[in-house]
Amino acid sequence: MKKFLLSLATVLCMGSFASAAEVTDQLTNANLVEGNTKTIYAEHTYTAPSGAEYYAQCAGDAGTIQLRSTNNNSGVVVTKSIGTVKSITVKFNSKTAAARVLNVYGSQTPYTSAAALYNETPVTTFSYSESAQTYTFETPYAYIGIRSNSGALYLDEVDVVWTTGGEIPVGVDAPTFSVAGGTYDNAQTVELSAAEGCTIYYTTDGQNPTDDVDDGSTIKYTAPITVDKTMTIKALAVDGDDNMSNIVSETYTIVELYPGAEGDGTKANPFNAAGAYNAALLGSTAEVYVAGTVVSISEISTSFGNATYYISADGTETNQFYIYRGYSLDGQKFTSEDELKVGDKVVVMGKLTTYKDVPQLANGNKLISINGEGGDPIVLEGEGTEANPFTVADVIAINPTSKDSNTDYPDKYWINGYIVGYSSSASSSLTPVFNADEADSQTNLILGPTPDCKDITLCVPVQLPTGKIRTELNLKDNPTRLGQEVSVYGHIYQYFSVPGIRDVTDYKLAADGIDAVEIDENAPVEYFNLQGVRVENPANGLYIMRQGDKVVKVIK
């Protein structure tokens, strides 16, 4: 690679050549990989074809190149020469199965995309061999691509020999769009921009643009494009020497919203059917409340315990909204087909989605009320403030249904409890360990309602973020935290698929207030709980022990 850079500097300084010189660009594991993955393109001078899914990745064996991609076949390596390619030599890894096939592609003009390179007719095909194989090109090529046709391909080395006397392709920056692709409820005006001196060509029919406006699809860009219907714009830039950029595209979806939308999706102000329909159509996946009247019922399944039905604001088929496989009150299963009837006024909570172009509440939604009557209201002990935090039981009663949102309790709150354990790192699911001996996780805690609780159904997990909070609270590094009372400030979301606490940004240990205990040098041994109250006959748990001028935390 040093030789490659030196030769490049020579090219730039001389500007022309008296004779062609050969340079070998050796693609090995060492110069392909930094960290774990790196595109080959970064090793060369010019802008690469688009398509980041094609890359080289380090294999398990040192010095081995492994090609992969997000396609079913293995990935493409592209080497851009300074000049024209003369030959390519491939050294297979000795452990590679004989079925592996290597294709070499070439072109004298820049590719518009990596996909174009991937689909190019192969110049030659190499089958697995224990000895190195060399292919010499009969015509000049400025781009060489390498891929496998069958899964991962393992190579020890690829040597590309090129001469510095050929024509050098010029990279052209692709056009940019003034409006990003997405879903819109009104027409958009899209402006295209390119580097000075470049001409932009585009299409709106899905075809790839060229620099030929007579091809039936390509349009020369001269003015902003009005997007008043769903379309994909593809564009490329061409400079004054007819060098082309990559093709870039944006897709715009223009939708027609229902009139009469009301509400904001909160419990206090639910969407009506039109409001929920519009929000889902525009791409929202939020957990929301929707109020309406049942228009029709597609199914009430007592075997699966769910119902599929339509609601609207006035009970007619006008502007109706689809409720897919939802549960009854409080998330309970339907046990009879007469639990829900056409004409019932309902409030439903669930996640918005659009499936097969149909806006709806996703599977797993639940009824909050039917004709004004709902389940038992939640009675909470705390208020979620620092002065009056929620309890562990409150978190369980709130029963969040999402790991990243909570419509009923959207803010961060203070929650108080006792550190009773952690979830083992040996499992991705909640695996409670109610001690601190040889704790193997720093990322979470389990809070209980009492210092010695070992019933996981009465406890909640807490996600510990990287930084000070994790450092100071995790049981692996701080085993004496076991049994200690703590208040944490975070979101009440699902964690380990159960009610829990995430995104913690603050905490307060009850022991922080023990400084008020006065020390008497002649005092006998005394025990205090974590609130600073003297305990005459301490049971098992965490205490502050004072003896003379020594004050320490102890576990009884």
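Everything below is about the structure shown above.
Quick summary incoming for the structure in this document. Since this is a predicted model, take the numbers as computed values, not measurements. (Residues numbered from 1 in each chain as written. Predicted model: local features only at pLDDT ≥ 70, side-chain atom pairs only at ≥ 80, totals over all residues. Heavy atoms only, no water.)

**Considerations on the nonpolar core**
Soluble globular proteins: nonpolar side chains tend toward being buried together. For clarity, the threshold we go by: What makes a nonpolar core is a set of buried Ala, Val, Leu, Ile, Met, Phe, Trp, Tyr and Cys residues whose side-chain atoms join them at distances within 4.5 Å. For every residue, the accessible area (1.4 Å probe, protein chains only) is compared with the maximum for its type, and the residue is labelled buried under 20%, exposed over 50%, or partly exposed between those bounds.
Ranked by size, the top nonpolar core spans 27 residues in total, and within it Ile-415, Leu-447, Val-488 and Ile-501 carry the most contacts. Core analysis: the second largest hydrophobic core is formed by 25 residues, Val-255, Ala-276, Ile-323 and Leu-340 among them.

**Some words on the pairing of strand E24 (residues 366-370)**
The side chains of a regular strand alternate, residue by residue, between the two faces of the sheet. The cut-off we apply is this: Put simply, DSSP marks the helices as runs of H or I at least four residues long and the strands as runs of E at least two long, and each gets a number from the N terminus on. Only strands that DSSP links by at least two bridges are regarded as paired with each other.
When you tally the buried positions in E24, you get 4 out of 5 residues, the bulk of the element. Two strands pair when backbone bridges link them, and strand E21 (residues 321-329) and E24 are joined in this way by 2 bridges, in the parallel orientation. What sits directly across from Tyr-327, in E24, is Lys-366. Across 4 bridges, strand E22 (residues 345-355) lies against E24 in antiparallel orientation. Within the sheet, the bridge partner assigned to Met-349 lies in E24 and is Lys-366.

**Things to note about the side chain of Asn-272**
Note the following rule: As used in this structure description, the phrase polar contact means that two N or O atoms lie within 3.5 Å; if the pair is within protein, one of them must be able to donate a hydrogen and the other to accept it, and residues adjacent in sequence are counted only when both atoms belong to side chains.
Position of Asn-272 relative to the elements: it lies in the loop between strand E18 (248-254) and helix H4 (273-281). Taking relative accessible area as the criterion, Asn-272 reaches 10% and is therefore assigned buried. A distance of 2.8 Å separates the side chain of Asn-272 from the backbone nitrogen of Gly-275, its partner in a polar contact.

**Looking at the packing of aromatic side chains**
Just so we agree on the cut-off: Only centres within 6.5 Å qualify two rings of Phe, Tyr or Trp (six-membered ring in Trp) as a pair; their planes then separate them into stacked at under 30 degrees, edge-to-face at over 60, and tilted for everything else.
The final tally for this structure, using the stated rule, is 9 aromatic pairs. Centre to centre, the rings of Phe-390 and Tyr-413 are 5.4 Å apart; their planes meet at 55 degrees, and the pair counts as tilted. Linking Phe-390 in strand E26 (residues 390-391) with Tyr-413 in strand E27 (residues 412-423), this pair joins segments that are 23 residues apart in sequence. We note that Phe-390, like Tyr-413, is buried. What links up through ring pairs into an aromatic cluster is the set Tyr-310, Tyr-322 and Tyr-324.

**Observations regarding the sheet that holds strand E15 (residues 219-220)**
With mixed pairing, the 5 strands of this open sheet are ordered in space as E11-E18-E17-E14-E15. Lying at the two open borders of the sheet, with one neighbouring strand each, are strand E11 (182-184) and E15.

**Some thoughts on the environment of Glu-438**
With respect to the helices and strands, the residue Glu-438 is situated in the loop between strand E28 (432-433) and strand E29 (444-448). Glu-438 sits in the exposed class, given a relative accessible area of 78%. Each C-alpha atom, one on Glu-438 and one on Leu-475, is 9.0 Å from the other, the two residues being 37 residues apart in sequence.

These results come straight from atomic positions and should not be treated as a statement about function.
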